Amino acid sequence: MTTEAPVNDTRKAELLSTVVEHVDIKSFDARPIIDAMGKMSFTSRDLARATRIYNDMLADKDCTIFLVIAGSTSAGGCMDAYAELVRNNMVDGIVATGASIVDMDFFEGLGHKHYQALEVPDDDTLRSLYIDRIYDTYIDEENLQHVDHTIFEIAETLEPRPYSSRAFIREMGKYLVEHGKKENSLVKLAYEHDVPIFCPAFTDSSAGFGLVKHQVDAMKAGRRYMTLDSIADFRELTEIKVQAGATGLLMIGGGVPKNFIQDTVVCAEILGHEDVAVHKYAVQITVADVRDGACSSSTLQEAASWGKVNTAIEQMVFAEAGSVVPLLASDAYHREHWKNRAERRWAKIFDDAA
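These remarks concern the structure in this document. (Residues numbered from 1 in each chain as written. Predicted model: local features only at pLDDT ≥ 70, side-chain atom pairs only at ≥ 80, totals over all residues. Heavy atoms only, no water.)

1. Overview of the nonpolar core
Okay, step 1: With 71 residues, the main nonpolar core has Tyr-54, Ile-101, Phe-168 and Met-172 as its most contacted residues.
Okay, step 2: At eight residues, the largest contribution of residues to this core is made by helix α14 (residues 321–335).
Okay, step 3: With 14 residues, the next largest nonpolar core counts Val-68, Leu-249, Ile-261 and Trp-346 among its residues. (Core = buried A, V, L, I, M, F, W, Y, C linked by side-chain atoms within 4.5 Å. Buried < 20%, exposed > 50% of the residue type's maximum accessible area, 1.4 Å probe, protein only. Helix = DSSP H or I, 4+ residues; strand = E, 2+ residues; numbered from the N terminus.)

Okay, here's the thing in structure tokens:
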């Protein structure tokens, strides 16, 4: 009989020795850099125009702003930047991947860390040490399993009925208010500021493992269990779009979150709201190549053909988001248009929902 070799704790500690420090957009003023980039060419000028568009969203008193996140920028150092956008009323709703919300933000909200991979041995070695790798960033798998179990615990406390991802993530935020270890958590701040978070592919994350365990345990015990209702996600997000009127999109990456928020315009029309406006403003930061035909790289001009986005006020920025999001967010923070914005608190429109 063979047994699994024990984890080499010393070697693991060596690899998990340098914590990723998230950028603080308040600690520096990027306005002079963005202004200078506006006088340049190529991606620099694109970023400057994208930043101006985001500032226009903030200055537009009628505009509801959605932050749309795909990819791993939260793990890579932008987590606090996104949290500050919520804290300072610079976004009104969030659409993201489950990984961004659960495996990264909620993960750190529970007190865990991401680590710089200053040394990358072969990935089989990392597996033997229970270390997960995101490019040059490490996550302790044992800590990630704590997230799985916490999601399970939250599910076990809820009434056994369908929930949208927004409703379940709100319960996660409530949990962090009571048990969290990090003040600057996007999930926690969104709960406190009534900013709804939607994850259209929510179970494609650590939430999936915890929720599967909740369902299997309930089935074995012969009791009912909570479920996720992805149709409710679409309905609720579309309801916000209908009530909001003018909307702006700040999209980091692409994929399902990008398509999901853009589709609210079409869904509203199908529901009979023929006067619903396309998204007035749109910015997307991506490294995806338009030539491969993928959703992540489809241009905002292309989205206009589907009746989703206004072609007049949009900008694509082809850059690795971690290198430009801090500049855009710092510029917008220091221009202070957010100080004159009314809080939308869109999550409150669902308070009485069953």
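2. Considerations on the packing of aromatic side chains
Each pair of aromatic rings is reported with the distance of its centres and the angle of its planes.
Okay, step 1: Counted by the stated rule, this structure contains four aromatic pairs.
Okay, step 2: On the basis of an interplanar angle of 55° and a centroid distance of 6.5 Å, the ring pair of Phe-106 and Tyr-175 is categorised as tilted. Placement of Phe-106 in helix α5 (residues 98–109) and of Tyr-175 in helix α8 (residues 165–179) is noted, with a sequence separation of 69 residues between them.
Okay, step 3: Ring plane angle 20° and centroid distance 5.3 Å describe the contact between Tyr-333 and Trp-338, whose orientation is recorded as stacked. Grouping residues by exposure puts Tyr-333 and Trp-338 together as buried.
Okay, step 4: Cation over ring: Arg-161 sits above Tyr-163, and NZ or CZ is 4.0 Å from the ring centre.
Okay, step 5: Geometry around Phe-152 places Lys-213 over its ring, the cationic atom sitting 4.9 Å from the centre. (Phe/Tyr/Trp six-rings, centres within 6.5 Å; stacked < 30°, edge-to-face > 60°. Lys NZ or Arg CZ within 6 Å of the ring centre and 35° of its normal.)

3. Comments concerning empty space enclosed by the protein
Okay, step 1: Counting across every chain of the model gives three cavities of 30 Å³ or more.
Okay, step 2: Considered as a void within the structure, the largest cavity measures approximately 70 Å³ in volume.
Okay, step 3: Taken together, Arg-166, Ile-169, Arg-170, Val-187, Ala-190, Tyr-191, Val-195, Pro-196, Ile-197 and Ala-347 form the lining of the largest cavity.
Okay, step 4: Breaking the lining of the largest cavity down by element, the ones donating at least two residues are α8 and α9 (186–192).
Okay, step 5: Partitioned by chemical class, the residues of the lining of the largest cavity number eight nonpolar, no polar and two charged.
Okay, step 6: Space inside the second largest cavity adds up to approximately 60 Å³.
Okay, step 7: Taken together, Val-86, Asn-89, Val-91, Asp-92, His-193, Asp-194, Val-195, Glu-343, Arg-344 and Arg-345 make up the lining of the second largest cavity. (1 Å grid on protein atoms, 1.4 Å probe; cavity = no way out; pocket = protein on both sides within 12 Å on 5 of 7 lines; lining within 4 Å. Points joined across faces, edges and corners; volume = space filled by probe spheres on them. Nonpolar A, V, L, I, M, F, W, Y, C, P; charged D, E, K, R; others polar.)

4. Some details on the pattern of salt bridges
Okay, step 1: Across all of its chains, the model carries 26 salt bridges by this definition.
Okay, step 2: The residue Lys-12 makes a salt bridge to Glu-142 at a minimum N-O spacing of 2.5 Å. Here Glu-142 lies in helix α7 (residues 141–157) and Lys-12 lies in helix α1 (residues 9–15), a separation of 130 residues in the sequence.
Okay, step 3: Using a relative accessible area of 6% as the deciding quantity, one classes Lys-12 as buried.
Okay, step 4: Classification of Glu-142 as partly exposed rests on a relative accessible area of 42%.
Okay, step 5: The salt bridge partner of Glu-108 is Lys-182, with a shortest N-O separation of 2.9 Å. Highlighted residues: Glu-108 in helix α5 and Lys-182 in the loop between α8 and α9, separated in sequence by 74 residues. Pair check on accessibility: Glu-108 and Lys-182 agree, each one buried. (Salt bridge = Lys/Arg side-chain N within 4 Å of Asp/Glu carboxyl O.)

5. Looking at the sheet that holds strand β7 (residues 197–198)
Okay, step 1: Judged by pairing direction, the sheet is parallel, and its six strands sit side by side in the order β7-β2-β1-β9-β10-β11 without closing on themselves. On the outer flanks of this sheet lie β7 and β11 (314–318), each paired with one strand and no other.
Okay, step 2: Bridge analysis of strand β9 (residues 247–252) against strand β10 (residues 281–286) gives five bridges, and the strand direction is parallel. Among the inter-strand pairings, Gly-248 is bridged to a residue of β10, identified as Tyr-281. (Pairing = 2+ DSSP bridges.)

6. Section: the environment of Val-287
Okay, step 1: Inspection of the secondary structure assignment puts Val-287 in the loop between β10 and α13 (300–304).
Okay, step 2: Residue classification places Val-287 among the exposed residues on the basis of a relative accessible area of 63%.
Okay, step 3: The spacing of Val-287 and Ile-261 is 26 residues in sequence and 20 Å in space, taken between C-alpha atoms.
Okay, step 4: Filtering out sequence-adjacent residues up to four positions away, Val-287 remains in contact with Ala-319 and Glu-320. (Contact = heavy atoms within 4.5 Å.)

7. What to know about the sheet that holds strand β5 (residues 137–140)
Okay, step 1: Across the sheet, three strands lie side by side as β3-β5-β4; this open sheet has antiparallel pairing. The sheet is open, and its two borders are formed by β3 (115–116) and β4 (131–134), each paired with just one other strand.
Okay, step 2: By the bridge criterion, four bridges tie β4 to β5 in an arrangement that is antiparallel. When the bridges of β5 are listed, Ile-134 appears paired with Thr-137.
Okay, step 3: Sitting on the sheet, α7 touches β4 and β5, and the angle it makes with β5 is about 60°. (Axes fitted to C-alpha atoms, helices over the stretch in contact; angles between N-to-C directions.)

8. Overview of α7
Okay, step 1: Its 17 residues give α7 an end-to-end C-alpha distance of 25 Å, which sits within 8% of 24 Å, the value for a rise of 1.5 Å per residue.
Okay, step 2: Within α7 the residues assigned to the buried category are Glu-141, Asn-143, Leu-144, Val-147, Asp-148, Thr-150, Ile-151, Phe-152, Ile-154 and Ala-155.
Okay, step 3: Of the surrounding elements, those touching the buried residues of α7 are α5, α6 (123–128), β4, β5, α8 and α10 (206–221).
Okay, step 4: Two or three places before Glu-142, at the opening of α7, Asp-140 has a side-chain oxygen 2.9 Å from that residue's backbone nitrogen. (Expected span 1.5 Å × (residues − 1). Polar contact = N/O pair within 3.5 Å; in protein donor to acceptor, adjacent residues only side chain to side chain.)

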